[in-house]
Amino acid sequence: MRFRTVLFDLDGTLIEHLPAIHRCYAHTLPQLGLPAPTYEQVRGAIGGGLPRAMGRFVPAERIDEALAIYRPYWDATMLDDVTLMPGGRELLEGLKSSGVTASVFTNKHGPSGRRICAHLKIDHLLADVVGAGDTAWLKPELEFTEWALARLGVQAAETCLVGDSPFDVQAALTAGMGFVGVTTGTHSEAELRAARGTDIFPGLPEVAAAWGF
């Protein structure tokens, strides 16, 4: 294990939260007179932050209206069926026991991410949890990555980002971090490789095995 710090994306990487996300879209869009999206449509839309994803379903001038419906329902229901990805807890425990710092670096709403990590009882295994709304930036903007690394007091060269999307690949490459991809989320191995990701695994147990945990 050559990295001293590992940043984890949340949705599709460290946690499975798509059922809850789909439920919130299906709750929101009909109230705007729009059809409820399918599970696969939501799966293909997420990434890059909620306003961007919502823009895949509603006109730009109605995004704020949609978010005003979505967010309260999300706050009330987001913990109902969130789960850790297989091998997630074991990998975090292995990193901590080896002296490697783990942190969450996500485009999910930051306060939501912190609630979820506490709910799943992994917050004690994480040095930090940062996400959308904590700054003006999102992945893959370099400023967001540098801000997250500065909070931890670590260098990009000694850090690896584990994620499931081209946004994660770009964030890692732009900042000079290592990257490990998993195909448990919204993108295939081919899509991650097309984004210039090289180390791609089926899931977190395979990442742990590659790192010797």
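Just above, that's the structure.
I will try to describe carefully the structure that is included in this document. What you are looking at is a predicted structure, and each value in this text was computed from that prediction instead of being measured.

Reading guide: rules and limits
- Residues numbered from 1 in each chain as written.
- Predicted model: local features only at pLDDT ≥ 70, side-chain atom pairs only at ≥ 80, totals over all residues.
- Heavy atoms only, no water.
- Salt bridge = Lys/Arg side-chain N within 4 Å of Asp/Glu carboxyl O.
- Helix = DSSP H or I, 4+ residues; strand = E, 2+ residues; numbered from the N terminus.
- Buried < 20%, exposed > 50% of the residue type's maximum accessible area, 1.4 Å probe, protein only.

## A short note on the pattern of salt bridges
Phase 1 of the analysis: As enumerated under the stated definition, the model contains nine salt bridges in all.
Phase 2 of the analysis: With a shortest N-O distance of 3.3 Å, E158 and R4 are connected by a salt bridge. On the criterion of sequence distance, the pair formed by E158 in the loop between α7 (142-152) and β6 (159-163) and R4 in the segment before β1 (5-8) is long-range, its members being 154 residues apart.
Phase 3 of the analysis: Residue class for R4 comes out exposed when judged on its relative accessible area of 56%.
Phase 4 of the analysis: Via salt bridges that share partners, D9, K139 and D168 belong to a single interconnected network.

## Here's the deal with unusual backbone geometry
Phase 1 of the analysis: Of note, the bond from K139 into P140 is cis; its omega dihedral lies within 30 degrees of zero at 10°.
Phase 2 of the analysis: Its place among the elements puts P140 in the loop between β5 (129-132) and α7.
Phase 3 of the analysis: A positive phi is found at K121, a non-glycine position, where the angle reads about 60°.
Phase 4 of the analysis: Structurally, the position occupied by K121 is in the loop between α6 (110-119) and β5.

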